[in-house]
Amino acid sequence: MTDATKDTQASNAMWGGRFAAGPDAIMEAINASIGYDQRLYAQDIRGSRAHAAMLAAQGIISDKDAQAIGEGLITVLSEIEAGDFPFSTALEDIHMNVEARLKDLIGEPAGRLHTARSRNDQVATDFRLWVREQCDAAITSLDALIRVAVTRAEEGADWVMPGFTHLQTAQPVTFGHHMMAYVEMFARDKSRFEDARKRMNECPLGAAALAGTGFNIDRHATAASLGFDRPMANSLDAVSDRDFALEFLSASTICAVHLSRLAEELVIWSSAQFRFVSMSDKWSTGSSIMPQKRNPDAAELIRAKIGRILGASVALFTVMKGLPLAYSKDMQEDKEQVFDAADNLMLALAAMAGMIGDLTVHQANLEAAASAGFSTATDLADWLVREAGLPFRDAHHVTGSLVAMAEDAGCDLPDLTLEQMQSVNPAITKDVFGVLGVHNSVASRMSYGGTAPEQVRAQVARWKEILG
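Residues numbered from 1 in each chain as written. Predicted model: local features only at pLDDT ≥ 70, side-chain atom pairs only at ≥ 80, totals over all residues. Heavy atoms only, no water.

1. A look at the overall build of the chain
Working step 1: From N to C terminus, the chain includes 20 helices and six strands.
Working step 2: Compactness check: the chain gives a C-alpha radius of gyration of 31 Å against a globular reference of 23 Å for 468 residues, more than 25% above the reference.
Working step 3: With respect to the principal axes defined by its C-alpha atoms, the chain has extents near 100 × 55 × 40 Å.
Working step 4: The 468 residues of the chain split such that 47% are buried.
Working step 5: Across the chain, the fraction of contacts at a sequence separation of at least 24, relative to all contacts at a separation of at least 6, is 74%.
Working step 6: In the structure as shown, the chain presents an accessible area of about 21700 Å², 53% of it carried by carbon and sulfur atoms.
Working step 7: A distance of 3 Å separates the average location of the 42 positive side-chain charges in the chain from that of its 61 negative side-chain charges. (Helix = DSSP H or I, 4+ residues; strand = E, 2+ residues; numbered from the N terminus. Rg over C-alpha atoms; globule rule 2.2 N^0.38 Å. Buried < 20%, exposed > 50% of the residue type's maximum accessible area, 1.4 Å probe, protein only. Contact = heavy atoms within 4.5 Å. Areas by Shrake-Rupley, 256 points an atom, 1.4 Å probe, with all protein chains shown as cover. Lys, Arg positive; Asp, Glu negative; His and termini not counted. Charge placed at Lys NZ, Arg CZ, Asp CG, Glu CD.)

Pasting the structure below:
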């Protein structure tokens with residue numbers, strides 16, 4: 001007997017007497033999900049053990065059968081983890097593969113495991129457990145990245161650099177302030193995963209196919225056993241819902257956007273034109289033809305991850321948008337993109353934490369760039385309002401004229417003489433030079449959340465307390 005014949009017979013046995021022959025090769029290929037949903041093996045076995053224990057506690061199956069099922073499932077788990085498990089596409093998915101192997105191991109009691117449940121609530125439970133774990137992993141990874149960014153922010157609280165709008169020099173800021181901006185962004189990402197985890201922490205198990213079951217099951221017991229806060233309150237919703245996966249993908253997409261923005265800045269900053277930072281050999285590669293090159297490949301790959309993660313989000317939203325209640329086979333397409341998005345997000349978070357922690361920041365280059373491009377023009381305008389009593393629009397016009405004068409002279413604003421400035425507006429005094437230096441500029445930005453080193457250190461201290 002060939003292996004294919006054995007697989008077909010095994011498939012028919014699992015389905016019972018409804019089908020006289022197995023599906024042809026094309027149907028088998030499109031119907032099978034074991035090629036990817038085998039990643040749910042640990043969650044599937046965990047859910048099955050909790051279900052069997054509950055069935056025994058409720059007197060639905062015997063304690064002897066429950067013990068055999070529990071021990072058999074542990075054997076299956078060990079076989080899978082050892083790489084010795086014979087996955088079969090004829091058995092379609094992880095659930096039927098595990099159950100078939102369990103039957104090989106313990107015989108008749110294996111058939112009692114599926115009492116009072118369906119593959120519909122089984123897969124909903126497995127997938128929810130897996131996504132919950134990914135939320136936990138994302139929270140942990142974001143916490144590590146935030147800690148690294150806070151450390152670098154404290155180190156660079158006094159390092160003056162140009163702040164940009166439209167990628168044009170705008171006003172001086174500090175490197176620490178720039179890093180703290182990403183701390184806030186990644187903290188929001190962390191909170192989104194935390195919020196999503198709270199919402200998804202309800203258990204579908206026991207909803208059965210869609211209508212619940214006539215058996216006297218204890219759904220609260222299985223929910224507690226699996227670490228859920230409560231069972232889901234509606235059996236139709238329990239098997240239909242994939243909001244938890246959509247929320248995970250949504251949070252992942254926003255997080256990937258933030259990672260991509262920071263990666264883009266690292267690519268720009270490490271260029272020969274900026275020279276703000278250097279990446280070590282750990283996070284760079286050379287060119288096959290140009291020996292002088294050091295390419296920021298890790299940052300570029302992180303920047304690209306948003307394409308895969310956003311694509312996964314769009315794919316699952318599209319799958320779910322038109323489905324009636326309750327379960328449709330379309331929902332088999334819910335996992336691959338979530339698996340891929342999770343893998344790539346975790347990799348990107350780990351790589352970014354490594355890069356930021358290992359980054360060499362060129363303080364002198366930052367300060368030189370901050371001092372160029374008339375970055376203290378706004379400080380001059382503000383001084384004219386405060387000290388000379390000009391309306392801001394008039395101060396803006398005077399400052400623009402002084403910038404044009406400095407540009408024509410080939411110098412920066414602090415290099416203009418007092419006489420030159422007074423030729424534009426006589427109210428200007430020598431005190432104006434006190435606000436034109438970049439260090440004076442950043443030190444003056446003392447509003448809450450501003451770039452003044454004192455404010456940056458205050459935010460660093462706040463985050464150190466939060467992080468513990």
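2. Structural notes on the pairing of strand 2 (residues 168-174)
Working step 1: Bridge analysis of strand 1 (residues 160-165) against strand 2 gives five bridges, and the strand direction is antiparallel. Looking at strand 2, one finds that Pro162 is bridged to Pro172.
Working step 2: In textbook terms, the turn of a hairpin is the stretch between consecutive antiparallel strands, and for strand 1 and strand 2 this stretch comprises two residues, one of which, His166, has a positive phi near 60°. (Pairing = 2+ DSSP bridges.)

3. As for the packing of helix 12 (residues 297-320) against helix 13 (residues 336-358)
Working step 1: Between helix 12 and helix 13, the least distance of the axes is 9 Å, while the angle of their chain directions is 155°. By the criterion of interaxial angle, the relationship of helix 12 to helix 13 is roughly antiparallel. For the crossing formed where helix 12 meets helix 13, the hand is left-handed. Each of Ala298, Ala299, Ile302, Lys305, Arg308, Ile309, Ala312, Ala315 and Leu316 in helix 12 lies in contact with helix 13, whose residues at this interface are Gln337, Val338, Asp340, Ala341, Asn344, Leu345, Leu347, Ala348, Ala351, Met352 and Met355. (Axes fitted to C-alpha atoms, helices over the stretch in contact; angles between N-to-C directions. Parallel < 35°, antiparallel > 145°, perpendicular 65-115°, else oblique. Left-handed = near helix turned anticlockwise from the far one by under 90°.)

4. Quick word on the side chain of Glu92
Working step 1: Locating Glu92 in the fold gives a position in the loop between helix 5 (63-81) and helix 6 (94-106).
Working step 2: For Glu92, a relative accessible area of 8% translates into the label buried.
Working step 3: Here Arg119 takes part through its side chain, which lies 3.3 Å from a polar atom of the side chain of Glu92. (Polar contact = N/O pair within 3.5 Å; in protein donor to acceptor, adjacent residues only side chain to side chain.)

5. Observations regarding the environment of Met179
Working step 1: Checked against the element boundaries, Met179 lands in helix 8 (residues 175-200).
Working step 2: In this structure Met179 comes out as buried when scored by relative accessible area, which is 2%.
Working step 3: With 154 residues separating them along the chain, Met179 and Glu333 place their C-alpha atoms 39 Å apart.
Working step 4: Those residues in contact with Met179, other than ones at most four positions away along the chain, are Ala149, Arg152, Ala153, Leu262 and Ile356.

6. What about a nonpolar patch on the surface?
Working step 1: Together, Leu210, Leu236 and Leu325 make up a nonpolar patch on the protein surface, roughly 270 Å² of accessible area in all.
Working step 2: By the secondary structure assignment, Leu325 is in the loop between helix 12 and helix 13. (Patch = residues over 30% accessible without salt bridge, like charges linked within 9 Å, V, L, I, M, F, W, Y side chains within 5 Å. Salt bridge = Lys/Arg side-chain N within 4 Å of Asp/Glu carboxyl O.)

7. Focus on the nonpolar core
Within soluble globular proteins, side chains that are nonpolar generally end up buried alongside one another.
Working step 1: Core analysis: the largest hydrophobic core is formed by 96 residues, its most contacted members being Phe193, Phe248, Leu259, Leu266, Val338 and Met352.
Working step 2: Sorting elements by how many residues they give to this core places helix 11 (residues 243-269) first, with 15 residues.
Working step 3: Once residues within four sequence positions are removed from consideration, Phe248 is found in contact with Val131, Gln134, Cys135, Phe193, Val338, Ala342 and Met346.
Working step 4: Of all hydrophobic cores here, the second largest spans 19 residues; its members include Ala377, Ala381, Trp383 and Leu390. (Core = buried A, V, L, I, M, F, W, Y, C linked by side-chain atoms within 4.5 Å.)

8. Description of helix 15 (residues 377-388)
For an α-helix, the turn length of 3.6 residues means that residues three or four places apart are oriented alike.
Working step 1: With 12 residues, helix 15 ought to run about 16 Å at 1.5 Å a step, and its terminal C-alpha atoms sit 15 Å apart, in line with that.
Working step 2: Of the positions making up helix 15, those classed as buried are Ala377, Asp379, Leu380, Ala381, Trp383 and Leu384.
Working step 3: Close packing links the buried residues of helix 15 with helix 16 (392-409), helix 18 (433-436) and helix 19 (438-444).
Working step 4: Where helix 15 ends, the next residue or the one after it, Gly389, has phi of about 75°, a positive value. (Expected span 1.5 Å × (residues − 1).)

9. Quick word on the UniProt feature "domain: Argininosuccinate lyase C-terminal" (unreviewed entry) in the chain
Working step 1: When the UniProt feature table is mapped onto this chain, "domain: Argininosuccinate lyase C-terminal" (unreviewed entry) is found at residues 374-443.
Working step 2: Measuring from the first to the last C-alpha atom of residues 374-443 gives 17 Å, for a span that is 67% helix and 0% strand. (UniProt positions renumbered as here; feature names shortened; annotations may be inferred.)

10. Structural notes on the pattern of salt bridges
Working step 1: Applying the stated criterion to the full structure yields 25 salt bridges.
Working step 2: Here Arg192 and Asp189 are joined by a salt bridge, their closest N and O atoms 3.1 Å apart. Here Arg192 and its partner Asp189 are both found in helix 8, three residues apart, which amounts to about one turn of the helix.
Working step 3: Taking relative accessible area as the criterion, Arg192 reaches 27% and is therefore assigned partly exposed.
Working step 4: The salt bridge involving Asp334 is made with Lys335; its shortest N-O contact spans 2.8 Å.
Working step 5: With relative accessibility at 3%, the residue Lys335 sits in the buried group.
Working step 6: One salt-bridge network, in which partners are shared between bridges, spans Glu92, Asp93, Arg119 and Lys329.

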